Amino acid sequence: MTSPPPPSTASAAAESIHRSLSELTSYSYSDSFDSPRRFTAFASRLQFVLNHHHFLGSDSLPPALQTALKGIASDLSKAVETVSSYRQRSKIFVLINCKSLSSSLQQHSTATASWLALIESSLSDDLPDLRKKISDLSLDMKQSRFTVTENEERVYRTLQREGEGRQTSKAVQSAIIMDLARCLGIDSDNYSELVNQVKLLKTDLTNSTSVSVRRILVSLEKILDNWSVVPGMSTLSDDRDFEDEAHILPFKNFLCPLTKEVMKEPVVLESSQTYERNAIEYWFERCLDDGREPTCPVTGQLLKSLELKPNISLAGAIEEWVNRNIEIQMKGAVEQLSKESVEVEGVERVLDVVYKISEEHPSNRFRVRNAGVVVMIVKLLKNCSNSIGTVLRGKALMALLSMAKDEESKKIMLDEGITRLAIRSLIGSSEKEREYAVKLLLEFSSDESYCTRITSEKGAVVLLSSMSGNLEHPALANLAEEMLRRMEGAEDSVQHLAAAGRFEPLFSRLREGPDDVKIEMASIIGRMTLTSTSKEQIARQCAQTLVELLSKPEGRTSSLQALNNLSGLDDNVTILVDCAVLPALVAILLQDEGASLEWKELAASIIANLVSNPGRWELASTDRKGNSMQSESVVFNLVRLLFVASSQCQASILRILYGMANSPQAAESVALHIQNSGDGIKTIIMFLEYPEVEHRNYAFKLTRLLAGRFGHDIAEELKHSDKLSLFKEKLLDNESAESEKSDAACILANLPLSEDEVKTIMDASFVKWTVMTLKKQQRISNGRTSRPTSSMAEGLLGLLLHFTRIQDQENISVVKEYQLMTIFCEQFSFPAKPRVRQLAAIGLKKLSEAGRSLAVADLEPPPPQGFCASLVFMCGRGSPEPSTCPIHNAPCENNSQLCLLKSNCIRPLVDLLQDEDTSVQIAAIEALSTLMSDTSNGYKRAVDELEKQDVILAVIELFTEVRPGVLQERALWMIERALRVDGPAHRYSLNQSLVRALVEAFKHGTANAKRHAQDALTNLKQISGVSGKASSHSRPRR
């Protein structure tokens, strides 16, 4: 409301004063607010004075008097607004603002008193009676104090605290309502009137923007909602479901006035009122926190003492009543839990009752236990877990958790198998079920033996570990983590924890424990089945300790077992090698004569794991002299040990030799040392027919590697021992493993065989088998490159290369029958190792050369006989028949298996020139070179055909891009041959990239490259750019 502007004239002021006084004196205040009543009393006295002395109506009054009248008019109009708040607003609104309202009335009263004093001093002496009345009124108004009552002050402070949004207990809320009702003059039990007052407050605050006042309203609404609950018992009056007729209701004096619940610890105040101890203590704390004197909530009496005296007689009566009701409810609980079919609602009520009895009346837990309810709840979880659902399982665990505070009940639960049931609930669908399951386990975990028992339960550690890492439920994660920490403290839990990925207890004991503990921890690592991540984690933390244990005989077995387990991960090789494990292992395997058989077998297995892949081990020393694993002494000793070692150790040594021979850094030296070791190759070949699969497998792998370097030595040894046929037999044996077959094929392919040996091994049926197997391998790969299929393809192609060396009529027939040129060409269409593509290109080269040789032989006419011979001699031979094939200048059948053109192999070879592997490019260009080897009749047709097939252009592009070397020289040879023909020479004479590349080859190439480059430049008529002289080696134009 906006105050009216002050009056401008004395008459207007007088009119405003009369109007304000009429409004003030018209109010009737019979309520408890004293300030507006007192102010209106002063207004009545002022009105009486003014009504009996009519001196205010003239504008000719002295200036001082006019000023005073205007001041009184202004203050009275404002006082009207303040007083109207008491009359028009709700009582709670007035209480919230009582201090500001009283302060406003105080201000207006004091100001009015000052103006009256000015009027009194301005009146003439002939009006003594008027001056006396005005002086008395002025003095009374000046001395008057407008304050709030103590009760209003208490309620005001309480409401202001509620405006801060603080949480309050039920007891404090009850006391607030009692104080408020007393201040409003309402009975605290008159709920409807209290609600009405709050509704009026809500209306008053419709346009309010004050946050604190809004909070007061919300708080009062919540408090009244709680207050509306019908008073009763918290534990024993809400669950009368078992024997309603036998249930004993509480007496009214059993209920706390604040909590409305049966008291557990009744105490008496000096006001003789009895309350629950906790409830009244909360109220006292609130009073002191609000800065007010503690009062008795019911009577409102200020308390001089906060002493709380136990009400012993009432407590005894309540205890007797509680005990009788618990007995009744336990009887009903047993009946409910004994029913054959589970009634979910009934069981839920039983669980709620048990929990409340245990929590609110802990001294009566024995009654629950003695009634057999604990056993029945455990059996309910055991037998009816699925039917009762996750909510009831959670409540059952909650009730058992509370009852577990009773030691006898705890023993009963353990005997009944609660541990396994709680662990099963760790995967419950509700968070509450999982929470109480963990809490129950925590309750039992104070005993170390029980921690071990939990840890040994299948899945317990894994489930707890999963929960501890679940950030979606941080509270549950913290509980699980605490349970795991307790389990880690149990000595016998280390292995189970480690099996679930909790390695810290194992790490700390292995690094910091005494030797016997370290040995035990190492033994655990050796026995465990570990994931790759776990192996790496353990190696990073404990590898050094395990290596140090190798120096102690009593710890050597456990340490070797642990290292053998860890070395199975390739990523651990660097870690273990950096910890200097190789010198200790080599010493055990090769130098320590007193080492047990088990030690040697474990050491060999670890070394085999370490060298299985190329890496750090090649640079590591194995002794003080600085010898490495690939050194001559180590390799010699390994080969010699093969004769005398145990079967398991032999297998590991073969793995070691294969791993070293397969390393790019060590392969050459290791293979050479094996060859120079005397009977090294012979010894390895001996294992090719070993009955044990692992021995045989690695013997084949190692022989394959050695055959690529020392094929002649291996072939001689195989012939000497009559085992050359072993590989063919292995390939044809359907029972043999694919890896052995692929190794056998590669070994046989790498051996230098004579023609007779090739014919013996590579008969027509075996060629057929080889071709069919290649096609089968292609179907198996189905667009994927795999090591076994690629190795097998490599070996089979090598076998076919053996066959293509022999060019008699019988072999040519087999080539055509099984379409070997097509088989070779098809290898380019499947993903494989570069070696496979290289061998296929070499095969095409050999067949193309064979086709060239046969074409030349076919073109050679038989020598003339008889009479015609002299005519031929005199006239010369007639011109040849027109040729079908421009490459061979002779008839070639379509899909000929000896002609690259007719077998459609030229385009795949041209594409192969772009391969990333140089050896493949060289093989491809050598195969294409067979098309240009004959420069006799029909050569121009051959070059024209190659241009049509884009061969010349592809070779030129390759030549201009590659570095000097074999590939460049082969390309240069083809270019020089092509440029002997006028057409290509003319077309490419302006190709500056080609000219520059030829000049560079002429300047910096090998002798052959220089000669070919010079001839090519001559054919391009660019020779002057090099030497200025004509070439003496220029070829005739065609």
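Predicted model only: the values in this text are computed from it and were never measured.

Provide a residue-level description of the overall build of the protein chain, including the pertinent values.
A count of helical and extended segments in the protein chain gives 52 helices and three strands. Its C-alpha atoms give the protein chain principal-axis dimensions of about 185 × 85 × 60 Å. Taking all 1038 residues of the protein chain together, 53% fall into the buried category. Split by element, the accessible area of the protein chain, about 48,300 Å² in all, is 49% carbon and sulfur. Considering the protein chain, the positive charge centre built from 119 side chains and the negative charge centre built from 134 side chains are found 4 Å apart.

Give a detailed account of the UniProt feature "domain: U-box" (unreviewed entry) in the protein chain, specifying residues and quantitative values.
UniProt's entry tags residues 249-328 with the feature "domain: U-box" (unreviewed entry), counted in the numbering of this structure. For residues 249-328, the end-to-end C-alpha separation is 12 Å, with 39% helix and 10% strand making up the annotated structure.

How would you sum up the packing of helix 31 (residues 632-644) against helix 32 (residues 647-661)? Please name residues and give values.
Viewed as axis vectors pointing N to C, helix 31 and helix 32 meet at an angle of 150°, and their least axial separation amounts to 9 Å. In this view, helix 31 runs roughly antiparallel relative to helix 32, as classed from their interaxial angle. Taken as a pair, helix 31 and helix 32 cross one another with a handedness that is left-handed. Each of V635, L638, V639, L641, L642 and F643 in helix 31 lies in contact with helix 32, whose residues at this interface are Q650, I653, L654, I656, L657 and M660. Among the residues forming the contact of helix 31 with helix 32, the class breakdown is 11 nonpolar, one polar and no charged.

So what's going on with the packing of helix 49 (residues 966-978) against helix 52 (residues 1007-1019)? Which residues, and what values?
Look at helix 49 against helix 52: their axes get within 9 Å of each other, and the N-to-C directions meet at 30°. On the basis of their axis angle, the class for helix 49 and helix 52 is roughly parallel. Here helix 49 runs over helix 52; the crossing is left-handed. In this structure, helix 49 uses E969, L972, W973 and E976 to contact helix 52, whose residues at the interface are N1008, A1009, H1012, A1013, D1015, A1016 and N1019.

Give me helix 41 (residues 809-817): which residues, what numbers.
Of the residues making up helix 41, those classed as buried are N811, I812, V814 and V815. Projection of helix 41 onto a plane perpendicular to its axis shows the buried side chains occupying an angular sector of 160°, all on one side. Looking at helix 41, the residues exposed on the side facing more than 90 degrees away from the buried face are Q809, E810 and E817. Q819 sits one or two residues past helix 41 and shows a positive phi near 50°.

Quick one: what's the story with the nonpolar core, residue by residue and with numbers?
Grouped together as the largest cluster of nonpolar side chains are 183 residues, with contacts concentrated most on I656, L657, M660, L751 and L820. Take this core: its biggest share by element is 11 residues, from helix 35 (residues 693-720). Grouped together as the second largest cluster of nonpolar side chains are 137 residues, L201, I280, L380 and L392 included.

Can you explain the packing of aromatic side chains? Please cite residues and give values.
For any two aromatic rings, the description comes down to two numbers: the centre-to-centre distance and the angle of the planes. Across all of its chains, the model carries 10 aromatic pairs by this definition. With centroids separated by 6.0 Å and ring planes inclined at 70°, the aromatic side chains of F254 and W321 adopt a geometry described as edge-to-face. Here F254 is found in the loop between helix 10 (211-227) and strand 1 (266-268), whereas its partner W321 is found in helix 12 (residues 312-337), with 67 residues between them in sequence. Classification of F254 by relative accessible area gives buried; the value is 4%. On the basis of relative accessibility, which here comes to 6%, the residue W321 falls in the buried class. Ring geometry for F766 and W769: centres 5.5 Å apart, planes at 10°, overall stacked. Placement of the pair is F766 and W769 together in helix 39 (residues 764-781), with a separation of three residues, close to one helical turn. Judged by relative accessible area, which is 21%, W769 ranks as partly exposed. Taken together, F251, F254 and W321 form an aromatic cluster joined through their ring pairs.

So what about unusual backbone geometry? Which residues, and what values?
One non-glycine residue, K260, lies in the positive phi region at around 60°. Along the polypeptide, K260 turns up in the loop between helix 10 and strand 1. The class of K260 is buried, set by a relative accessible area of 19%.

Describe a negative patch on the surface, naming the residues involved and giving the relevant values.
On the surface, D447, E448, D492, D516 and E520 cluster together to form a negatively charged patch. For E520, the location among the structural elements is in helix 25 (residues 515-527). Residue classification places E520 among the partly exposed residues on the basis of a relative accessible area of 45%.

Outline the sheet that holds strand 1, listing residues and values.
Here three strands make up an open sheet; going across it, the order is 2-1-3 and the pairing antiparallel. Strands with a single pairing partner mark the edges of an open sheet, and in this sheet they are strand 2 (274-276) and strand 3 (309-310). Relative to strand 2, strand 1 runs antiparallel, the two sharing three bridges. Its bridge partner lying in strand 2, V267 is registered against Y275. This element, helix 11 (residues 277-290), spans strand 1, strand 2 and strand 3 of the sheet and lies at about 95° to strand 2.

Break down the environment of Y191 for me, citing the residues and quoting the values.
For Y191, the location among the structural elements is in helix 9 (residues 191-204). Between the C-alpha atoms of Y191 and I177, which are 14 residues apart in sequence, the distance is 9.8 Å. Within the structure, Y191 has its side chain in polar contact with the backbone oxygen of L224 (distance 3.4 Å).

Before we move on, can you summarise the pattern of salt bridges with the specific residues and values?
Following the criterion strictly, the structure yields 57 salt bridges and no others. The network of salt bridges with common partners includes E481, E482, R485, R486, E488 and R502.

Conventions adopted
- Residues numbered from 1 in each chain as written.
- Predicted model: local features only at pLDDT ≥ 70, side-chain atom pairs only at ≥ 80, totals over all residues.
- Heavy atoms only, no water.
- Helix = DSSP H or I, 4+ residues; strand = E, 2+ residues; numbered from the N terminus.
- Buried < 20%, exposed > 50% of the residue type's maximum accessible area, 1.4 Å probe, protein only.
- Areas by Shrake-Rupley, 256 points an atom, 1.4 Å probe, with all protein chains shown as cover.
- Lys, Arg positive; Asp, Glu negative; His and termini not counted.
- Charge placed at Lys NZ, Arg CZ, Asp CG, Glu CD.
- UniProt positions renumbered as here; feature names shortened; annotations may be inferred.
- Axes fitted to C-alpha atoms, helices over the stretch in contact; angles between N-to-C directions.
- Parallel < 35°, antiparallel > 145°, perpendicular 65-115°, else oblique.
- Left-handed = near helix turned anticlockwise from the far one by under 90°.
- Contact = heavy atoms within 4.5 Å.
- Nonpolar A, V, L, I, M, F, W, Y, C, P; charged D, E, K, R; others polar.
- Arc of directions from axis to C-beta.
- Core = buried A, V, L, I, M, F, W, Y, C linked by side-chain atoms within 4.5 Å.
- Phe/Tyr/Trp six-rings, centres within 6.5 Å; stacked < 30°, edge-to-face > 60°.
- Patch = residues over 30% accessible without salt bridge, like charges linked within 9 Å, V, L, I, M, F, W, Y side chains within 5 Å.
- Salt bridge = Lys/Arg side-chain N within 4 Å of Asp/Glu carboxyl O.
- Pairing = 2+ DSSP bridges.
- Polar contact = N/O pair within 3.5 Å; in protein donor to acceptor, adjacent residues only side chain to side chain.

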